[in-house]
Amino acid sequence: METIETTRHTLVISHDPGLVETVRRAAEGLTEVTSAQNLGEAFDRIGELRPEIIVIGNLTTRATLLETFAALREGWISHHSSLLIVETDASQNTCRVLTEKDLRIGIADYELTGASANLHLPAEQLIARLREAIAGRMKERENHLRNALSLQGNFSTIWEQIPGPGAFEMRQQLALENSRKAARSGMVAAISITDNPGGNPAIATDILCAEIRKAGIEPLVHIAFRDRNRNQAESLLFQLAALHINNVLILTGDYPSNLGFTGKSKPVFDLDSINGLRLVAEMNRGMEREILRRKVRLAPTDFFAGVAFSPFKQMEAEVMGQYYKLEKKIAAGADFIITQVGFDARKMHELLVWLKSTGQTIPALASVYVLSYPVARTMRENNIPGCVVTDALLRRIAAESESSDKGKQARLERAAKIFAIAKGMGYQGAYVSGQGLPFESLEYIVSRGNELAGNWMDLLPEFDYPQNNGFYYFLRDSKTGLNSQEPAPRRQEPANPPLFAFSRVVHKVFFEPASPLFRPMRSLMRRVDSSPFLYRLLHAFERWCKGALYGCKDCGDCALFDTAYLCPMSECPKDQRNAPCGGSFEGWCEVYPGKKQCIWVKAYTRLKTEHKEDTIGQHITPPCNWELWQTSSWVNFFLGRDHSSKRRGINPPEKSD
């Protein structure tokens, strides 16, 4: 796709060409500089360039400067820019540079306030002062989380806050108070706000994150696609961009709980996390839209997008499915990774070995969860999908909870040790979370974790909690107890049920473009498509066949080819068309534990029959095209309308025949 210009711009509004040239020299190497002589011309430039900094100076009168300043503060685009006011006096060879914080609007004049008010600079120092001011405004606008995770050798901390339901509840106030304390401490790179955690309704994340940003710390917004379709997700992202909230964690989301109004809400899952990342990447490039029959390129956003990843799965099919999906997430534009909750040091280490072995340089943060006994028991019962607590760990925590402090010190120490291990292993940061965690506990975890990090390998035996018959991606390193770089043998048995064998034969005979029957079938579908009677007849027959064999929902944009002939729309409660979500447990579906196997576990074992299980990670399947809903997927495929035909280069007949 076309790369969109990302140059940072400064706009100078002035009648003085000398000032424009001075700003250009001051901004050299920092931003591109353009100019406008009046407000109308300025707004044209602002709409075109979205300048980060606007310099106002040497206009005809102070009243003109005042009017310009007020208009810029009221403008939808311009009020997102940083303003600098520059006044020079040629007769006295002096100047002053003011930020908008130094300016208070009056009725007919302005009054200077603050430290800069009486600052007069000789002209020869103007370039240096302007450069300092421009650099300062640009630094204020930087994404500090992005900078922290990009800095080599840096170890960052993200602290999770869990808002609850209601508009005026104490949990919301506590989240803001914790954010302010974290901002003052300087030890936290970002505050993370969950999105309807556990599938339960809660206050919208964007509201709290806007307040958190005002507190002086970067917010990290969770965006779960459980509750929103692609249009609503796009609208939310535009809103976040307008609020200068640029850090997002893109998630599929837990399945809805039964706490919604009058019962469980209808799940949406219009996009999975991979296609959510593709949406973010497209917005960062500058989306193209048709408005009033004209193609318009929208202003590019600047999102920094993270993803969740679970290395703590049990079965080979589950483990491999997570890594296949991570491949796709990185290809779709993920900027950083946060692991799920788990307490197996070897599994933690596996992710870093995989990243190194595949040549990936994306930063990863390890989850550090402060685990109380009630929460540990809930996780062990798989009531918090994706979080892994073994029987051995649960017994240990149960014993600790019998102490006089109910195990508080033990769980804080455990969290500090995981923090230390993550830092020692080479993670770029820790993602600290826990129910009702006060700031003092966070301080303890960070300070104690840093203290223990120098001897992190001595702590590894305390985090040896393998799952029963658990699969590891890499062979064990006998010296360290962690992982070697040699992949482990994959011994899970393949499965070749009769329906899978039958489906492969049918696909090869009728749907492969190289098949002798492909062109006759394509001609037949063209004829069917032109006859309403034949179309209804074929569509009814298709619905009957595919409904009986695959539970087809008649989406018209069939993904059977992508999932080893298992329908993700009917068999997966989250409609996952790319790879498994993170909620499976011992091979079972998160929503139907003990009843339905995860379809991607079944797909993996089926594809293993042909030694094609690695294909799960090779192609990104787009979301369902709902324009094709309840139309014939056979006609759509042969006539080049669905995603499967497009990937195989099958064009509509008018383009190829």
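Residues numbered from 1 in each chain as written. Predicted model: local features only at pLDDT ≥ 70, side-chain atom pairs only at ≥ 80, totals over all residues. Heavy atoms only, no water.

Quick look at the overall build of the chain now. Per the secondary structure count, the chain includes 23 helices and 20 strands. Relative to the 2.2 N^0.38 estimate, which gives 26 Å for 657 residues, the radius of gyration of the chain is 29 Å and therefore close to what a compact globule would have. Counting only C-alpha atoms, the chain reaches 95 × 75 × 50 Å along its principal axes. For the chain, with 657 residues in total, the buried portion stands at 53%. In the chain, of all internal contacts separated by at least 6 residues, the share reaching a separation of at least 24 is 71%. Here the chain has roughly 30,700 Å² of accessible surface; of this, 52% comes from carbon and sulfur atoms. Here the chain contributes 79 positive and 76 negative side-chain charges, whose respective centroids are spaced 6 Å apart. (Helix = DSSP H or I, 4+ residues; strand = E, 2+ residues; numbered from the N terminus. Rg over C-alpha atoms; globule rule 2.2 N^0.38 Å. Buried < 20%, exposed > 50% of the residue type's maximum accessible area, 1.4 Å probe, protein only. Contact = heavy atoms within 4.5 Å. Areas by Shrake-Rupley, 256 points an atom, 1.4 Å probe, with all protein chains shown as cover. Lys, Arg positive; Asp, Glu negative; His and termini not counted. Charge placed at Lys NZ, Arg CZ, Asp CG, Glu CD.)

Attention shifts here to the sheet that holds strand β18 (residues 429-433). The sheet built from eight strands closes into a barrel, its strands ordered β9-β10-β11-β12-β15-β16-β17-β18 with parallel pairing. The sheet shows a mean angle of 30° between the axes of neighbouring strands, direction not considered. Both strand β17 (residues 364-369) and β18 contribute to a ladder of five bridges, which runs parallel. In the sheet register, Leu-365 faces β18, and the bridge partner there is Gly-429. Here helix α6 (residues 170-185) sits on the sheet and contacts β9 (156-161) and β10 (190-193); the angle it forms with β9, its principal contact strand, is near 165°. Against the sheet, helix α7 (residues 205-214) contacts β10 and β11 (218-224), and its axis sits at roughly 170° relative to β11. (Pairing = 2+ DSSP bridges. Axes fitted to C-alpha atoms, helices over the stretch in contact; angles between N-to-C directions.)

Another aspect to go through is the side chain of Asp-554. Within the secondary structure, Asp-554 is located in the loop between α18 (532-550) and α19 (568-571). Of the side chains with opposite charge, Arg-543 lies nearest to the buried Asp-554, which makes no salt bridge, at 4.2 Å. Only 2.9 Å separates the side chain of Asp-554 from the side chain of His-539, close enough to count as a polar contact. Other than its neighbours up to four places away in sequence, Asp-554 contacts His-539, Arg-543, Trp-629, Gln-630 and Thr-631. (Salt bridge = Lys/Arg side-chain N within 4 Å of Asp/Glu carboxyl O. Polar contact = N/O pair within 3.5 Å; in protein donor to acceptor, adjacent residues only side chain to side chain.)

Another point: the nonpolar core. Within the largest apolar cluster, 120 residues are counted, with the highest numbers of intra-cluster contacts made by Leu-371, Met-425 and Tyr-427. When neighbours within four sequence positions are excluded, Leu-371 is seen to be in contact with Phe-343, Ala-376, Met-379, Val-389, Leu-393, Ile-397 and Arg-411. Core analysis: the next-biggest nonpolar cluster, separate from the first, contains 17 residues, Val-12, Val-33, Val-86 and Ala-133 among them. (Core = buried A, V, L, I, M, F, W, Y, C linked by side-chain atoms within 4.5 Å.)

On inspection of all chains with the given rule, the structure shows 19 aromatic pairs. Both rings, one in Phe-511 and one in Phe-637, keep their centres 5.5 Å apart while their planes meet at 65°; by these two values the pair is edge-to-face. With a gap of 126 residues between them, Phe-511 in helix α16 (residues 498-511) and Phe-637 in helix α21 (residues 633-638) connect regions that are remote in the sequence. The pair Phe-511 / Phe-637 is uniform in exposure class, with both members buried. (Phe/Tyr/Trp six-rings, centres within 6.5 Å; stacked < 30°, edge-to-face > 60°.)

Taken as a whole and judged by the stated rule, the model has 31 salt bridges. As a salt-bridge pair, Glu-52 and Arg-141 come within 3.3 Å of each other at their nearest N and O atoms. A residue pair is termed long-range when its members are at least 10 positions apart, and Glu-52 in the loop between α2 (39-49) and β3 (53-57) and Arg-141 in the loop between α4 (126-140) and α5 (144-150) qualify at 89 residues. With a relative accessible area of 15%, Glu-52 lands in the buried category. Taking relative accessible area as the criterion, Arg-141 reaches 27% and is therefore assigned partly exposed.

Assignment of secondary structure puts Asn-625 in the loop between α20 (599-608) and α21. Residue Asn-625 is classed as partly exposed on the basis of its relative accessible area, which comes to 28%. A sequence separation of 278 residues divides Asn-625 from Lys-347, and the C-alpha atoms of the two residues are 37 Å apart. With sequence-adjacent residues up to four places away left out, Asn-625 is seen in contact with Cys-555 and Asp-557.

With that settled, the discussion passes to the pairing of strand β20 (residues 483-487). Sheet topology note: the strand β19 (residues 474-476)/β20 ladder contains two bridges and is antiparallel. What sits directly across from Arg-476, in β20, is Asn-483. Connecting β19 to the antiparallel partner β20 that follows it, the hairpin turn spans six residues, and Gly-481 within it adopts a positive phi of roughly 80°.

Right, let's get into the packing of helix α14 (residues 408-425) against helix α15 (residues 439-452). Close contact between α14 and α15 brings their axes to 8 Å; oriented N to C, the two are set at 50°. It follows from the interaxial angle that α14 and α15 lie oblique. With respect to the hand of their crossing, α14 and α15 are arranged in right-handed fashion. For the pair formed by α14 and α15, the contact residues are Gln-409, Leu-412, Glu-413, Ala-415, Ala-416, Lys-417, Phe-419, Ala-420 and Lys-423 on the first element and Ser-441, Tyr-444, Ile-445, Val-446, Arg-448, Gly-449, Asn-450 and Leu-452 on the second. Grouping the amino acids of the contact of α14 with α15 by side-chain chemistry returns nine nonpolar, four polar and four charged. (Parallel < 35°, antiparallel > 145°, perpendicular 65-115°, else oblique. Left-handed = near helix turned anticlockwise from the far one by under 90°. Nonpolar A, V, L, I, M, F, W, Y, C, P; charged D, E, K, R; others polar.)

Per-residue pLDDT for the chain has a mean of 90; in total, 93% of the residues score no lower than 70. In this model, residues 1-5 is a region of pLDDT below 50 whose contacts with residues beyond four sequence positions or in other chains number nine contacts. Taken as a whole, residues 105-119 scores under 50 in pLDDT and shows 33 contacts with residues more than four places along the chain or in a different chain. (pLDDT = per-residue confidence, 0-100.)

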